[in-house]
Amino acid sequence: MCNRRGANTAKRSHFVFRKNKNINTKKIGVIGLSAGGLVSACAVGIVKGIKSLVLLSAVARYKKLWDKKLITGGRKGFPKAGVDVGGLLVGRDFYEALERLDDFNLKSIRNFKNPLLIIHGENDKVVLSFDAKLYYNTSGSLKKKLIIVKNADHTFANVKSEKRVIGIICKWFKRTLK
């Protein structure tokens, strides 16, 4: 998630890249899947020097996604021990972090001018394609592309879809990280 820990991880990674002489820091591309897509969208607002971004089935409306699964009433209606969401114990801190996020991912994408590729599975039941379209329409990128992959789910979990998506990403980075 795009909280202080996620921001610090992105900053540390960029610091490590800059120190490694085998990495060309002028050619950094970032890929994020699902919640990792949200973190990647936030990262472009925190870490300078990301030249190209790929979002795969990326969550754009994180709090909205979780609001459906959590009890209503916000913080006050949230039990101190947390809530069991499909076997995942979600605590009050998690919910409060969602509130603090406050669309930072979308603000970051709006200000990101470098190439952006958004790929989403047509049959994704976890994150709706609305989120992919929201990223696309919000984006300030001067070179952006949205691809909805037919017969693909949230993680492109069939051989044909996976192979196609990997090929698209490789071609994208070859073009945008020249």
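What counts, and where the lines are drawn
- Residues numbered from 1 in each chain as written.
- Predicted model: local features only at pLDDT ≥ 70, side-chain atom pairs only at ≥ 80, totals over all residues.
- Heavy atoms only, no water.
- Helix = DSSP H or I, 4+ residues; strand = E, 2+ residues; numbered from the N terminus.
- Polar contact = N/O pair within 3.5 Å; in protein donor to acceptor, adjacent residues only side chain to side chain.
- Contact = heavy atoms within 4.5 Å.
- Patch = residues over 30% accessible without salt bridge, like charges linked within 9 Å, V, L, I, M, F, W, Y side chains within 5 Å.
- Areas by Shrake-Rupley, 256 points an atom, 1.4 Å probe, with all protein chains shown as cover.
- Salt bridge = Lys/Arg side-chain N within 4 Å of Asp/Glu carboxyl O.
- Phe/Tyr/Trp six-rings, centres within 6.5 Å; stacked < 30°, edge-to-face > 60°.
- Lys NZ or Arg CZ within 6 Å of the ring centre and 35° of its normal.
- Buried < 20%, exposed > 50% of the residue type's maximum accessible area, 1.4 Å probe, protein only.

Comments concerning the side chain of S57
Relative to the helices and strands, S57 is located in the loop between β2 (50–56) and α3 (62–67). A polar side-chain atom of S57 sits 2.7 Å from the main-chain carbonyl oxygen of H154. Each residue touching S57, except ones within four places of it in the same chain, is listed here: L33, S34, I119, H120, G121, D124, V127, D153, H154 and F156.

A short note on a nonpolar patch on the surface
A surface patch of nonpolar side chains, about 230 Å² in accessible area, is lined by V16, F17 and I23. With respect to the element layout, F17 can be found in helix α1 (residues 4–19).

What about the packing of aromatic side chains?
Here the structure, examined in full by the defined rule, presents zero aromatic pairs. Across the ring face of W172, the terminal group of K143 is positioned such that the distance to the ring centre comes to 5.7 Å. Directly above the aromatic system of Y136 lies the positively charged group of K144, at a separation of 4.6 Å from the ring centroid.

Some thoughts on the side chain of S34
Tracing the backbone shows S34 in the loop between β1 (28–33) and α2 (35–46). Looking at S34, the relative accessible area reads 17%, which means it is buried. Ignoring any residue separated from it by four or fewer positions in sequence, one finds S34 in contact with L56, S57, A58, V59, V127 and H154.

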